[in-house]
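As a plain string of letters, each chain reads:
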Amino acid sequence: MTFDNREKIKIMSEQPIDSQEYNITAYTENQIGLLNRIAIIFSRRKINIESLNTSPSEIDGIHRFNIVIHETEDVVRKIAKQIEKQVEVLKVNYNTNQEVIWQEMALYKVPTDIIAEKASVERLLREYGARAVVIRRDYTVFETTGHREETDNLIEVLQPYGLIEFVRSARIAIIKHSDGFNRKLREFERTEPGSEVIENEFLNSRDKVFTM
Amino acid sequence: MFTKEEPIRLLQEKAPQTMSGAEMTLRALLAESVDTVFGYPGGAIIPIYDALFDFKEQLNHVLVRHEQGGIHAAQGYARASGKAGVVFATSGPGATNLVTGLADALIDSTPLVCITGQVFAHLLGTDAFQETDIINITTPVTKWNYQVTEASQLPEALAKAFYIARSGRPGPVLIDITKNAQQQKFGFSEYTPCTHIRSYRPAPIVRPEYVARAAALINQAKRPFVLWGQGIILGAAEQEFLAFIEKSGIPAAWAILGAGALPTGHPLNVGMLGMHGNYGPNMLTNECDVLIAIGMRFDDRVTGRLDKYARQAQVIHLDIDPTEIDKNVATTVPVWGDCKETLPLLTELIEAKNHPAWRQRFEQFQTEEVAAVIQDELFPTSDELTMGEVIQQLNELTLGEAIVVTDVGQHQMVACRYAKFNHSRSNITSGGLGTMGFALPAAIGARFGRPDRTVVAIIGDGGIQMTIQELGTIMQTGVDVKIIILNNQFLGMVRQWQELFNDRRYSFVNIASPDYVTVASGYSISGKRVLERRELKSSLQEILNHAGSFLLEVMVTKENNIFPMVPQGCSVSEIRLR
Ligand SMILES: Cc1ncc(C[n+]2csc(CCOP(=O)(O)OP(=O)(O)O)c2C)c(N)n1
Ligand SMILES: [Mg+2]
């Protein structure tokens, strides 16, 4: 007796895919290893993280992750729950791009002489909403903040003028419907203050401490 | 964990005592009521073993033969006793040998606290001798893990470890302790167990309005069906479950880790779910109108093809873990919370019913299954012995009172299908991970956890050879485990798939065995080999009567298949009887 599964496998792989960008926002403890614990939730499913920002929130001791992935809502909902399930995660939200206001920041380093000569710095600043962060004799650093396309545009403009270095930050996003977020976080930290992250104090004391 | 108001008072009350991190670790275990530890020493954990030398009276340390054996033993201990299992291992290879057990314990929700030694803190990241990054290696297979580099962090880390392992949906936790932290002396006053972590909510808040909606759905149901899993056992909610089932009169079937939560002989226990489960429960999953899932996670071995799973039914799902709800099967009414809390609320609101006609459907399917499969399996007329008749004969002798520990393969499915369980925490098997090699060490651990109960391990000729070294643990500790090897001279389950799905191309499933009786005798364990039916019952009686461990090898028919079967990729109602 043999059972044939081939036809079924075919049907299962023909499901419609309606994925889009989602912004996952997680409030967490500041703990060593948590980044990895969260990252493997994505890598385990072979999901690419488009952008990841983690930094202290407005409350001391509470961190905020902003993670962008391209997926279906069903997958994102399950992942958000999986992240929230981790012992050191406080709260997770997920939103479409329409539900957030988001920005990325970019820095561009270009040779000052060429820029001064060929493209008027002023025009660049005006047309692309850029800001000169540093102007030195040898190079100038511009900064723009905006959506991906906006920062991309300036790369194209600057490329012919000898772009030396470029860097873009991860996306950060503010949720449109976030009433009470700050108040709740403050209240939470007030009633249950967190503990400090403990690092390895011994890495630089090799010779002093132990011999065995 | 020191609570916010408590620490100052506690510290003042008792003058701190200077103590090493190693000693403190053992005192923490005692404070957590740990009585047994399974472990294996090595360089990076020597300070803890040195401290253990002075704690031999209070802590029973079981020296295993391999760390994988150690962690499976701790799993068996935890599953049989309901307590957290504790494991010691050294750094590097000792720690990596725990990985399979951690993965097994995570997927089967088993509370474990594993303590690994680690190289000195100042050597971390230098590829020191026996250094492995065990925290990162084990992150995907632990509920929580933490590295301690200073003795003063130990009390809080260990308290959190036990709290996290045991609370909510239980799971394995690993604490990695650098050698300097074990050696270091510090002022330690009193151990305070952890009862709260601000970022961790072990169980969701129970929402009575959802319980009410679930009750309304159940009350109007014509063909309700209950599926239960290990959640009932983990929540110690067997009584609450029984009350619910008896009042509702709803037929109930189990996922294998749930076996025994309702006695096998209970009239409303209609059998096992899933790939090799019973005929009725699988067929009628696709006919019920309300499906009530309690403490189970709709594993693919239970559901078969999902887009043809219970599409007609409204689904109520009771679970403590919110990530399980709507994960695989869309729920009509979710009931979040510990079922020990939610079940009584539900029972209160439901009407007492009987559902005679609907229950009869299960009986009809059962009659069919008996005729097509069960009769020949349990009472064969052919010359060769079947696995089923071994379990049947065992039932007649143990009367459902034994703890049955199984390995992975055909014998596991036969044992789970046919073993009788009068009590909860009696069926110990590797469900989610399907780890061959689990049974022998898990049986050892189960017996340490429940020395008052008979422990029978049912193991295949493949699986026994994966952790056979643990016969040494039996020899040295004298623990009493009844080992039954069901030898079909094949990696039977894989052979069955090759027969059914790969045109009988038996590719590397023909596995040779040593002379198990001789091997056992090398370990001073009594052994016997059964070749014929007439010796079977008396041999089983002999091993059960024997004082101490006994290994019984039963030669069974080589090419038997486990039926019924839901072929992979098929719906549960496409289950085949042959
Ligand atoms: C560690 C591990 N390796 C491989 C497998 C795949 N596997 C599942 S069942 C099985 C055969 C088991 O053979 P045996 O122990 O003789 O049991 P039987 O099926 O014959 O009863 C194998 C190889 C597994 N589950 N676990
Ligand atoms: Mg076999």
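If you check an unreviewed UniProt entry, chain B appears there as Acetolactate synthase from Hymenobacter roseosalivarius DSM 11622. Quoted straight from UniProt, the Catalytic activity (unreviewed entry) entry for chain B says "2 pyruvate + H(+) = (2S)-2-acetolactate + CO2".

Looking at an unreviewed UniProt entry, chain A carries the name acetolactate synthase, with the source organism given as Hymenobacter roseosalivarius DSM 11622. According to its UniProt record, chain A has this under Catalytic activity (unreviewed entry): "2 pyruvate + H(+) = (2S)-2-acetolactate + CO2". Quoted verbatim from the Sequence similarities (unreviewed entry) heading of the UniProt record, the comment on chain A is "Belongs to the acetolactate synthase small subunit family."

Student: I tried to follow the UniProt feature "domain: ACT" (unreviewed entry) in chain A on my own but got confused; where do I start?
Tutor: As recorded in UniProt, the feature "domain: ACT" (unreviewed entry) lies at residues 23-97 of chain A. Secondary structure content for residues 23-97 of chain A is 31% helix and 44% strand, while the C-alpha to C-alpha distance between its ends is 7 Å.

Student: Help me understand the pattern of salt bridges, please; the structure alone is not making it clear to me.
Tutor: For side chains bearing opposite charge, pairing can occur when the charged atoms are close. All names here are of chain B. Counted by the stated rule, this structure contains 38 salt bridges over all chains. Ionic pairing is found between E389 and R533, a salt bridge with its closest N-O pair at 2.7 Å. Of this pair, E389 sits in helix α17 (residues 387-398) while R533 sits in helix α23 (residues 533-545), placing them 144 residues apart in sequence. The exposure class of E389 is buried, given its relative accessible area of 4%. Between E553 and R529 there is a salt bridge, with its nearest N and O atoms 3.0 Å apart. Here E553, found in strand β20 (residues 550-555), pairs with R529, found in strand β19 (residues 526-530); they are 24 residues apart in sequence, far enough to count as distant.

Student: Would you take a moment to explain the sheet that holds strand β11 (residues 269-272) of chain B for this structure?
Tutor: Hydrogen bonds along the backbone pair up the strands of a sheet, which may run parallel or antiparallel. All names here are of chain B. Here six strands make up an open sheet; going across it, the order is β11-β10-β9-β12-β13-β14 and the pairing parallel. Sheet topology places β11 and β14 (333-336) at the edges, where each strand pairs with a single neighbour. Taken over all neighbouring pairs, the strand axes of this sheet differ in orientation by 20° on average, direction set aside. Pairing analysis gives four bridges linking strand β13 (residues 314-319) to β14, with the strands arranged parallel. If you follow L318 over to β14, its bridge partner there is V335. Strands β12 (290-294), β13 and β14 of the sheet are contacted by helix α10 (residues 208-219), whose axis makes an angle of about 130° with β14.

Student: When you look at the UniProt feature "domain: Thiamine pyrophosphate enzyme N-terminal TPP-binding" (unreviewed entry) in chain B in this model, what are you seeing that I'm missing?
Tutor: The UniProt entry lists residues 19-135 of chain B under the feature "domain: Thiamine pyrophosphate enzyme N-terminal TPP-binding" (unreviewed entry), expressed in the numbering used here. For the annotated span residues 19-135 of chain B, helix accounts for 41% and strand for 19% of the residues, and the straight-line distance between the end C-alpha atoms is 26 Å.

Student: I keep staring at the site of ligand 1 and nothing clicks. Help me out?
Tutor: Residues and elements named next belong to chain B. As a structural note, the neighbourhood of ligand 1 is formed by 18 residues, with Q410, G434, D461, G463 and G492 the closest of them. Here M493 contributes a backbone N or O atom positioned 2.9 Å from an oxygen atom of ligand 1. Here ligand 1 loses 77% of its free accessible area of 580 Å² to cover by the protein chains. Elements with a contribution of two residues or more to the shell around ligand 1: α18 (410-418) and α21 (492-501). If one sorts the elements of the shell around ligand 1 by residue count, α21 sits on top with three residues. Tallied by class, residues from the shell around ligand 1 come to eight nonpolar, nine polar and one charged.

Student: Quick question: what am I supposed to make of the nonpolar core here?
Tutor: For soluble globular proteins, the rule of thumb is that nonpolar side chains tend to be buried together. All names here are of chain B. Counting residues in hydrophobic clusters, the biggest one holds 100 residues, and the most contacted among them are F225, F241, L291, I294, I316, I484 and V554. Here this core spans two domains, and each of domain 2 (208-361) and domain 3 (383-556) adds at least three residues to it. One finds Y77, A105, I428 and A443 within the second-largest nonpolar core, a separate group that totals 46 residues.

Student: Hey, could you run me through the coordination of the magnesium ion (ligand 2) in this one?
Tutor: Note on metal geometry: ideal angles are 109.5 degrees for four donors arranged tetrahedrally and 90 or 180 degrees for six donors arranged octahedrally. Residue and element names in this part refer to chain B. Looking at the metal site, the magnesium ion (ligand 2) is ligated by D461 (OD), N488 (OD1) and F490 (O), spaced 2.0 to 2.1 Å from it. Within one chain, the residues donating to the magnesium ion (ligand 2) are spaced in sequence as D-x26-N-x1-F. On the criterion of sequence distance, the pair formed by D461 in the loop between β17 (455-460) and α20 (471-477) and F490 in the loop between β18 (482-487) and α21 is long-range, its members being 29 residues apart. Assessed through its relative accessible area of 2%, D461 is described here as buried.

Student: Sorry if this is basic, but what is going on with the domain arrangement of chain A here?
Tutor: A common way to express how large an interface is: the accessible area buried when the components associate. Under the domain assignment, chain A is made up of domain 1 (15-99) and domain 2 (101-168). Taken over C-alpha atoms, the centre of domain 1 of chain A sits 31 Å from the centre of domain 2 of chain A.

Student: Just checking my understanding: could you explain the packing of aromatic side chains for this structure?
Tutor: Both the distance between ring centres and the angle between the ring planes are used here to describe each pair of aromatic rings. Using the criterion set out here, one finds 17 aromatic pairs over all chains in the structure. Taking the centre distance of 5.1 Å and the plane angle of 75° together, the rings of Y210 of chain B and W336 of chain B count as edge-to-face. Of this pair, Y210 of chain B sits in helix α10 while W336 of chain B sits in strand β14, placing them 126 residues apart in sequence. Residue W336 of chain B is classed as partly exposed on the basis of its relative accessible area, which comes to 21%. Their ring planes at 75° and their centres at 5.4 Å tell us that W497 of chain B and F501 of chain B sit as a pair that is edge-to-face. Taken together, the residues span about one helical turn, with W497 of chain B and F501 of chain B both in helix α21 at a distance of four residues. On the basis of relative accessibility, which here comes to 21%, the residue W497 of chain B falls in the partly exposed class. Every member of this aromatic cluster is reached through a ring pair, and the members are F38, Y77 and F448 of chain B. When the ring centre of Y139 of chain A is taken as reference, the NZ or CZ atom of K109 of chain A above it lies at 4.5 Å.

Student: Looking at this model, I keep getting lost on α23 of chain B. Mind explaining?
Tutor: Residues and elements named next belong to chain B. Taking 1.5 Å of rise per residue, the 13 residues of α23 would be expected to cover 18 Å, and the 19 Å separating its terminal C-alpha atoms lies within 8% of that figure. Those residues of α23 not exposed but buried are L536, S539, L540, I543 and L544. Buried residues along α23 sit against α17, β17, β18, β19 and β20.

Student: Quick question: what am I supposed to make of the side chain of R64 of chain A here?
Tutor: Residues and elements named next belong to chain A. One can find R64 in strand β3 (residues 62-71). Buried charged residue R64 carries no salt bridge. Nearest counter-charge: E58, at 6.1 Å. Side chain to side chain, R64 and Y27 meet in a polar contact 2.8 Å long. Beyond its immediate stretch of four places on either side in the chain, R64 contacts T25, A26, Y27, N53, T54, S55, S57, A173 and I174.

Student: Please clarify how the pairing of β13 of chain B should be interpreted in this entry.
Tutor: Each regular strand displays side chains that alternate between the two surfaces of the sheet. Residue and element names in this part refer to chain B. For β13, the tally of buried residues reaches five of six residues, placing the bulk of the element in the interior. Relative to β13, β12 runs parallel, the two sharing five bridges. Pairing of I294 across the sheet is with L318, part of β13.

Student: Would you explain the packing of α17 of chain B against α23 of chain B in this entry?
Tutor: For any two helices packed against each other, one specifies the inter-axial angle together with the distance between the axes. All names here are of chain B. Contact geometry for α17 and α23: axes closest at 10 Å, N-to-C directions at 45°. Between α17 and α23, the angle falls in the class oblique. α23 is crossed by α17, and the crossing has right-handed handedness. Facing E389, V390, Q393, L394, E396, L397 and T398 of α17, the residues of α23 in contact are R533, L536, K537, L540, Q541 and L544. Each residue belonging to the contact of α17 with α23 can be placed in one class, and the counts come to six nonpolar, three polar and four charged.

Here is what the cut-offs are and how they apply
- Residues numbered from 1 in each chain as written.
- Chains lettered and ligands numbered in written order.
- Predicted model: local features only at pLDDT ≥ 70, side-chain atom pairs only at ≥ 80, totals over all residues.
- Heavy atoms only, no water.
- UniProt positions renumbered as here; feature names shortened; annotations may be inferred.
- Helix = DSSP H or I, 4+ residues; strand = E, 2+ residues; numbered from the N terminus.
- Salt bridge = Lys/Arg side-chain N within 4 Å of Asp/Glu carboxyl O.
- Buried < 20%, exposed > 50% of the residue type's maximum accessible area, 1.4 Å probe, protein only.
- Pairing = 2+ DSSP bridges.
- Axes fitted to C-alpha atoms, helices over the stretch in contact; angles between N-to-C directions.
- Contact = heavy atoms within 4.5 Å.
- Near = heavy atom within 4 Å.
- Polar contact = N/O pair within 3.5 Å; in protein donor to acceptor, adjacent residues only side chain to side chain.
- Areas by Shrake-Rupley, 256 points an atom, 1.4 Å probe, with all protein chains shown as cover.
- Nonpolar A, V, L, I, M, F, W, Y, C, P; charged D, E, K, R; others polar.
- Core = buried A, V, L, I, M, F, W, Y, C linked by side-chain atoms within 4.5 Å.
- Domains from an automatic or database assignment.
- Donors = N, O, S within 2.8 Å, 3.2 Å for Na, K, Ca; no water.
- Phe/Tyr/Trp six-rings, centres within 6.5 Å; stacked < 30°, edge-to-face > 60°.
- Lys NZ or Arg CZ within 6 Å of the ring centre and 35° of its normal.
- Expected span 1.5 Å × (residues − 1).
- Lys, Arg positive; Asp, Glu negative; His and termini not counted.
- Parallel < 35°, antiparallel > 145°, perpendicular 65-115°, else oblique.
- Left-handed = near helix turned anticlockwise from the far one by under 90°.

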